Amino acid sequence: MTTFGRLVRMAVPASRLLDAIRDDALSGSDAGGAPGSGVAQGEALVEQALLLLRRLRALGRELRCEGPLQEAHRLTFIALTGPEKPWDEGVEPAAWQFAAWEQAVAAWAALRQPYAEAQCLLAAGQAALACGARQEAATRLARARTLARDLGVTPLLEQLDVLGRRARIGGSDEATDAQPLGLTARELEVLREVTNGRSNREIAEELVISIKTVSVHVSNILAKLGVATRGEAAATAHRLHLFD
């Protein structure tokens, strides 16, 4: 018998593919590749992912949801699979997913299911980071850590540690007197990666933020440095020995 619990397990790989599709859609033209080349190269994978998601959503629409446990699974399933039409204009996938994961977190918390709650908190934290909401992410990851530590779930704690290190949770994004050219701490991190020749996609993966957020940071960096291109920004960073 198909249940929302089973659909959740089936949706995990589909959700990962959806994230890849979303990043391709947001990246558009990326450094180091022709415009749209990532989407073109992964066209077959995109079609398979969308087909799988459509089938899973169709199954979900046919299921009856009975009781709070199935409702919690249903909300988790929705957060994993995303909206019916994720590329509609005006839909910000990361913001949508953050709100969806928040609903799943609340459902599992009400059921007093700490492991499922912690897993959803981790996903909510990742979505918050993709939105650029670092404080929101830090709050959820801290709660997830408390639950995982109380349960003694080492793998989940390790996941949280890795995400925390990569996202540099607890740091400041505000500009200080010690930071040159009026750049924020996050902009300096992005500039360092630009100087290393990384594309927007690679920077997003390294800093655990969305490609769209990286693009905004890069635009701010170019404006503050008074340059027009990424290459000129990298040259300025080298000339000023910002990362020596």
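As the structure is a prediction and not an experimental result, all values here were calculated from the model.

Some thoughts on the packing of helix H10 (residues 200–207) against helix H11 (residues 211–225)
Thought 1: Orientation of H10 relative to H11, taken along the N-to-C sense of each, is 110°, at an axis distance of 8 Å. Relative to H11, H10 is oriented roughly perpendicular. Contact with H10, carried on its side by Asn200, Arg201, Ile203 and Ala204, involves Ile211, Val214, Ser215 and Val218 of H11 and no other residues of that element.
Thought 2: Of the residues in the contact of H10 with H11, the class split is five nonpolar, two polar and one charged.

Overview of H10
Thought 1: Among all positions in H10, only Asn200, Ile203, Ala204 and Leu207 are buried. Buried residues of H10, viewed axially, fall in a sector of 100°; they line one side.
Thought 2: Where the residues of H10 are buried, they touch helix H8 (154–167), helix H9 (185–195), H11 and helix H12 (230–239).
Thought 3: Immediately downstream of H10, the backbone of Val208 shows phi near 60°, a positive value.

Brief notes about the confidence of the model for the protein
Thought 1: Mean pLDDT over the protein works out to 75, with 68% of the residues at or above the 70 mark.
Thought 2: Note that residues 21–41 has pLDDT below 50 and, in this model, 25 contacts with residues that lie over four places away or in other chains.
Thought 3: In this model residues 170–178 is a low-confidence stretch, pLDDT under 50, and it forms 13 contacts with partners more than four residues away in sequence or in other chains.

A few points about the environment of Gln126
Thought 1: Summarising the element assignment, Gln126 is placed in helix H6 (residues 114–131).
Thought 2: Judged by relative accessible area, Gln126 falls into the partly exposed class, the value being 40%.
Thought 3: The sequence separation of Gln126 and Ala138 amounts to 12 residues, and the corresponding C-alpha distance is 9.8 Å.

A look at the nonpolar core
Thought 1: Judged by nonpolar contacts, the single largest core of 33 residues is most densely connected at Trp101, Cys120, Leu122, Leu129, Leu156, Leu160 and Leu163.
Thought 2: At the level of elements, helix H4 (67–81), helix H5 (93–110), H6, helix H7 (134–151) and H8 are the ones that each hand at least two residues to this core.
Thought 3: When residues of this core are assigned to their parent elements, the largest contribution, 10 residues, is made by H6.
Thought 4: Apart from residues lying up to four places away in sequence, Leu129 is in contact with Arg134, Ala137, Leu163, Ala167, Ile169, Val208 and Ile209.

Rules used throughout
Residues numbered from 1 in each chain as written. Predicted model: local features only at pLDDT ≥ 70, side-chain atom pairs only at ≥ 80, totals over all residues. Heavy atoms only, no water. Axes fitted to C-alpha atoms, helices over the stretch in contact; angles between N-to-C directions. Helix = DSSP H or I, 4+ residues; strand = E, 2+ residues; numbered from the N terminus. Parallel < 35°, antiparallel > 145°, perpendicular 65-115°, else oblique. Contact = heavy atoms within 4.5 Å. Nonpolar A, V, L, I, M, F, W, Y, C, P; charged D, E, K, R; others polar. Buried < 20%, exposed > 50% of the residue type's maximum accessible area, 1.4 Å probe, protein only. Arc of directions from axis to C-beta. pLDDT = per-residue confidence, 0-100. Core = buried A, V, L, I, M, F, W, Y, C linked by side-chain atoms within 4.5 Å.

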